[in-house]
Amino acid sequence: MNRSIRKVAVIGSGVMGSRIACHFAGIGVQVLLLDIAPNALTEDEAAKGLTLDSKQVRNRIVNNALQATLKSKPSAVYAKEVAALIKTGNIDDDLPAIKECDWIIEVVVERLDIKQQLLEKVERYRKPGTLITTNTSGIPIHMIAEGRSEDFRQHFCGIHFFNPPRYLRLLEIIPGPDTKQEVLGFLDDYGSRFLGKTTVICKDTPAFIANRVGVFGFMAVFKVMQELGLNVDEIDALTGTVLGRPKSATFRTGDVVGLDTLALVARALPANVPNDEAKDIFAIPPFIDTMLANKWLGDKTGQGFYKKTPAPKGEKGGKSEILTLNLQTMEYGPKVKTKFATIEAAKQVDDLGQRLKVLYGGADKAGEFYKKFHQLLFAYVSNRVPEITDDLYKIDDALKAGFGWEIGAFESWDVLGVAKVLEQMKAAGLQVAPWVQEMLGKGIRTFYKTENGRRYYYDQVSGGYKPVPGYGSFILLEQLDEKVVWKNSACKLYDIGDDVVAFGWTSKMNTIGGEVLEGVQKAVAIAEERYKGLVIANKGANFSAGANVGLIFMYAVEQEFDELDFAIRAFQNATMRLRYSSIPVVVAPHGLTLGGGCEMCLHADAVQAAAESYIGLVEVGVGLIPGGGGTKEMAVRASDRNIKEDVEVNYLQQLFINVGTAKVSTSAHEAFDNFILRKGHDNISINPDRRIADAKRKVLAMWEQGYTQPAPRHDIKVQGRGGLGGLLAGIHGMWRGNYISEHDKLIAEKLAHVMCGGDLSAPTLVSEQYLLDLEREAFLSLCGQKKTLERIQSILTTGKPLRN
């Protein structure tokens, strides 16, 4: 059956339901969002003379829920205007409208009886063949569909979005006993391709995959913490970014999720899976019981493992303070500074796999924690295959997409050595699944392997390797080391097939230095000589945080202005090489794409951005202006007015404000509104894992259409003094109103000077090189300012800009 999703019904407008509705609207799907009608008037409604039959009263619950979601931070939508695609209503009046929908999603309270009662009503209006799913975090799927018709059951299954759906990428799909394979296949593909999810098809077992293993991970941390006498601050230092986990680590995550939710799942699991060999670890520790009794549930009650105290009243410059719960005394106190030799050594290692070896091999209490925790984790996941899934890669996918782990459990075991760690686990008396020993007995030493750019996983059923699904749709640079065409110490150029190469680099936050700029030039040269086109993309959490400001700071402090001039020219030459190559160049950014990373996007033939790309020219924040062609490019776009027709000066002013305020888009969709991406030219990949493959297809399409190298521009219309006067007047007003500092005023004046083409008496046509020279001159002059150096130093030492 050739399905398409044009309209979705979401029944239940709570925190999850409203956010699911917003996510569908964000990809352009019409949504019908329904909830119950209220059974009583509010005081305000009564005062207005409204009744329970008034439409605004009957839709109050759903409308209030949607508005709260649209106002929430971080935003639940890619762009505000998509809210127009959501139509609200109530179940009593508007349920018949679901007959027009292609997919019906039930997202009501986690009670079996309420779900069953609602689905009985849904079946009266649902068209045969329409997809119907229930969003649940643990209710058995086969029980929810009891009593429904055969067609209903065949098109019914469970889904489990993680909250918030826009940002957490996991979508678990749980078939019922009668679910058609065609339905599962469609949802698996649609979830990945259109919703941007890592889709994992699970067995219908308690808590499915991610929560089953993820909650075990929480409880295992609690167990090891108590054994070793560690405290809350120490645990969060051990289990955060240094381990490849979110910075919220363990206890901060617990506060966000809610201690009651965590305890509910932990208590339910031993009862629902009595044969779980590790059920004793799910026992709630005494400190959790005390916190539950005290209603210290985390963010929802204002305190949990952490408590934020307000700044003292009347005390000038007073600051709020975050206190930590002492689990022995159950009293809050100042955060305890932690220091472990193992963590200090690991922080020097950028590669996560190598860092994990340092952590696990530590000789202090931190190292002991990592050994005990990982051994418990590895034993547990081994025993969940085949109970919760036949395929071990699904456990890793679920943990990475649902809990933000950068490396999965079986992947971690591979890094540390399967055989070596297995012997240590046996010595510790841990029960490991027999299939692991059987795998080693066959001479197979790892759970994963990569051959010819394709990833394989060990299949315990067949006793051999099977390919991880998704080959062709996903191009992951970390799996292409055997396809490297050229490299230096910072960069690699990969052959990604079909005569296309991909260029990427690795540095802290993927910042751009001399070796990266050398790599850009080399990548274009090799691509021009032997390939059809070039993709520029990076692995890791972010595309690039911009230029290496540490290098700029060093040159500026030492007054090495010739070196600095050379470095800025090199950056400009690299971005212009992207613009004027004989082959198509497509940049595929994701995550933070700031400063120099943004400038690469601005100069590419096209951009294929991940939806969660946060793009902007932010150099003003460190006391500079964009110096890698970014300021020039804003002047070019003001001249072309290729986003929308407008009065020339108005458009110039908007671009100036965006750069002058270091505006960063909160999504790739918003980057179009900020004039970084170009409508009808650049594209978005909702699933970040697909962006490189999508960019490759774009390169090939441009090549097939007969790509021709652009000619250098000499027709850029700049406004000269006419445009500059208006901008300078605005800058002066902001300064006189104390909205900006004297140094901010100087930076803005330099920026305006370049974007208007300098001190020209009338609007004039100029070349790109003319603007690049102005840009470089302004950049260098700002590097000589003491306050600029103070700002850069603040960024380097504290990570925050200094407002001077």
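Fair warning: this is a prediction, and the values are worked out from it, not measured in the lab. The residue count restarts for each chain, going from 1 along the sequence in the order it is written. Thresholds applied to this predicted model are a pLDDT of at least 70 for local features of residues and 80 or more for the giving and counting of side-chain atom pairs; totals over whole chains, interfaces and linings are not thresholded and use all residues. Side-chain figures throughout are based on the complete set of non-hydrogen atoms in the structure, without hydrogens or water.

A.B. asks: Help me out: how do you make sense of the overall build of the protein chain in this one?
C.D. replies: For the purposes of this entry, the term helix denotes a DSSP run of H or I that reaches at least four residues, the term strand denotes a run of E that reaches at least two, and both are numbered from the N terminus. Along its length, the protein chain carries 33 helices and 25 strands. By the compact-globule yardstick of 28 Å for 804 residues, the protein chain fits well, its C-alpha radius of gyration being 28 Å. Summary of the burial criterion: residues with accessible area below 20% of their type's maximum are buried, those above 50% are exposed, and those between are partly exposed, where the area comes from a 1.4 Å probe applied to protein chains only. Expressed as a percentage of its 804 residues, the buried residues of the protein chain come to 55%. For the protein chain, the accessible area works out to roughly 34200 Å², and carbon and sulfur atoms hold 51% of it. Put simply, the protein chain has 96 plus and 96 minus side-chain charges, and the middle of one group is 2 Å from the middle of the other. The reference for a compact globule is 2.2 Å times residues^0.38; the radius of gyration itself is calculated from the C-alpha atoms. Residue burial considers only the protein chains on display, and all accessible areas are found by Shrake-Rupley using a 1.4 Å probe. Note on charges: Lys and Arg go in the positive column, Asp and Glu in the negative column, and His and the chain ends are not counted at all. In this description, the location of a charge corresponds to atom NZ of lysine, CZ of arginine, CG of aspartate or CD of glutamate.

A.B. asks: Would you explain the pairing of strand 1 (residues 7-11) in this entry?
C.D. replies: Within a regular beta strand, the side chains point alternately toward one face of the sheet and then the other, so they alternate between its two faces. Counting buried positions along strand 1 yields five of five residues, so the element is predominantly enclosed. Burial of strand 1 is two-sided: the residues Lys7, Ala9 and Ile11 facing one way and the residues Val8 and Val10 facing the other way are all buried. Pairing analysis gives five bridges linking strand 1 to strand 2 (residues 30-35), with the strands arranged parallel. Directly across from Val8, in strand 2, lies its bridge partner Val31. Any two strands with at least two DSSP bridges between them are considered paired.

A.B. asks: Is there a simple way to think about a negative patch on the surface in this case?
C.D. replies: Patch construction takes residues with relative accessible area above 30% that form no salt bridge. Like charges are linked within 9 Å, and nonpolar side chains (Val, Leu, Ile, Met, Phe, Trp, Tyr) are linked within 5 Å. By salt bridge we mean one thing: a side-chain nitrogen of Lys or Arg within 4 Å of a carboxyl oxygen of Asp or Glu. A cluster of acidic residues, Glu558, Glu560, Asp562 and Glu563, forms a negative patch on the protein surface. Note on Glu560: relative accessible area 38%, which makes it partly exposed.

A.B. asks: Explanation requested: the sheet that holds strand 6 (residues 156-161) in the structure shown.
C.D. replies: One open sheet holds the eight strands; their spatial order is 3-2-1-4-5-6-7-8, and the pairing between them is mixed. Either end of the sheet is taken by a strand with one partner, and the two such strands are strand 3 (86-90) and strand 8 (198-201). Recorded for the sheet is a direction-independent mean angle of 25 degrees between the axes of neighbouring strands. With four bridges joining them, strand 5 (residues 131-135) and strand 6 adopt parallel strand pairing. All axes are obtained by fitting lines to C-alpha atoms, using only the stretch in contact for helices, and the reported angles, taken between N-to-C directions, cover 0 to 180 degrees.

A.B. asks: Please clarify how the sheet that holds strand 16 (residues 491-495) should be interpreted in this entry.
C.D. replies: Sheet strands associate in pairs through backbone hydrogen bonding, adopting either a parallel or an antiparallel arrangement. The mixed open sheet is built from seven strands, whose spatial order is 15-16-17-18-19-21-23. In this open sheet, the two strands that pair with only one neighbour each are strand 15 (484-487) and strand 23 (683-685). Taking each pair of neighbouring strands and ignoring which way they run, the sheet shows an average axis angle of 25 degrees. Residue contacts are defined here by distance: any two heavy atoms, one from each residue, within 4.5 Å place the two residues in contact. Of the strands in this sheet, strand 17 (500-505), strand 18 (533-536), strand 19 (585-587), strand 21 (606-610) and strand 23 are in contact with helix 29 (residues 691-704), which crosses strand 21 at around 165 degrees.

A.B. asks: What is the right way to look at the packing of helix 18 (residues 392-403) against helix 19 (residues 409-416) in this model?
C.D. replies: Think of two packed helices as two axes; the pair is described by the angle between the axes and how far apart they sit. At their nearest, the axes of helix 18 and helix 19 sit 7 Å apart, and the two run at 105 degrees to each other. The orientation of helix 18 with respect to helix 19, classified from their angle, is roughly perpendicular. Together, Leu392, Ile395, Asp396, Leu399 and Lys400 of helix 18 and Ala409, Phe410 and Glu411 of helix 19 make up the contact between the two elements. For this scheme, ten residues count as nonpolar: Ala, Val, Leu, Ile, Met, Phe, Trp, Tyr, Cys and Pro. Four count as charged, namely Asp, Glu, Lys and Arg, and the remainder, Gly too, count as polar. When its residues are assigned to classes, the contact of helix 18 with helix 19 shows five nonpolar, no polar and three charged. Our angle categories are set so that under 35 degrees counts as roughly parallel, over 145 as roughly antiparallel, 65 to 115 as roughly perpendicular, and the remainder as oblique.

A.B. asks: Would you take a moment to explain the packing of aromatic side chains for this structure?
C.D. replies: Geometrically, a pair of aromatic rings is defined through the distance of the ring centres and the angle of the planes. The pairing test for Phe, Tyr and Trp rings, Trp by its six-membered ring, is centres within 6.5 Å, and the orientation test on the planes gives stacked under 30 degrees, edge-to-face over 60, and tilted for anything in between. In total, this model carries 27 aromatic pairs according to the counting rule given. Ring geometry for Phe222 against Phe287: centres 5.6 Å apart, planes inclined by 80 degrees, an arrangement best described as edge-to-face. With Phe222 in helix 10 (residues 210-228) and Phe287 in helix 14 (residues 286-293), the pair connects residues that are 65 residues apart, well separated along the chain. Considered together, Phe222 and Phe287 belong to a single accessibility category, that of buried residues.

A.B. asks: Would you mind going over unusual backbone geometry with me for this structure?
C.D. replies: Of note, the bond from Asn163 into Pro164 is cis; its omega dihedral lies within 30 degrees of zero at 0 degrees. Inspection of the secondary structure puts Pro164 in the loop between strand 6 and strand 7 (170-175). The step from Val385 to Pro386 runs through a cis peptide bond, and the omega angle for that step is 10 degrees. Here Pro386 is to be found in the loop between helix 17 (365-384) and helix 18. Look at Asp498: it is not a glycine, yet its phi comes out positive at around 60 degrees. Among the secondary structure elements, Asp498 is positioned in the loop between strand 16 and strand 17. The phi torsion at Phe675 lies on the positive side, around 70 degrees, for a residue other than glycine. Take Phe675: it is sitting in the loop between helix 28 (668-673) and strand 23.

A.B. asks: When you look at the state of the cysteines in this model, what are you seeing that I'm missing?
C.D. replies: Throughout this description, disulfide means a covalent bond between two cysteine sulfur atoms. Only a pair of cysteine sulfur atoms within 2.5 Å qualifies as a disulfide here. Applying the stated criterion across every chain yields a total of zero disulfides. For Cys22, which is in no disulfide, the shortest distance to another cysteine sulfur is to Cys101 and amounts to 16 Å. Residue Cys783 stays outside any disulfide, its sulfur separated by 19 Å from that of Cys598, the closest cysteine. Accessibility expressed as a relative area gives 1% for Cys783, which makes it buried.

A.B. asks: Mind showing me how you'd approach the side chain of Lys632 here?
C.D. replies: Its place among the elements puts Lys632 in helix 26 (residues 630-640). Among the residues examined, Lys632 registers a relative accessible area of 0% and is labelled buried. Discounting residues that sit within four places of it in the chain, Lys632 has contacts with Met576, Arg579, His603, Glu768, Leu771, Leu772 and Glu775.

A.B. asks: Could you clarify how one ought to interpret the side chain of Asn488 in this entry?
C.D. replies: Positionally, Asn488 belongs in the loop between strand 15 and strand 16. Given the relative accessible area of 17%, Asn488 is considered buried. One polar contact links the side chain of Asn488 to the main-chain amide nitrogen of Ala490, over a distance of 2.9 Å. Here a polar contact is taken to be a pair of N or O atoms separated by no more than 3.5 Å, where protein atoms must pair a possible hydrogen donor with a possible acceptor and residues adjacent in sequence count only if both atoms sit in side chains. There is a polar contact of 3.1 Å between the side chain of Asn488 and the backbone oxygen of Glu515.

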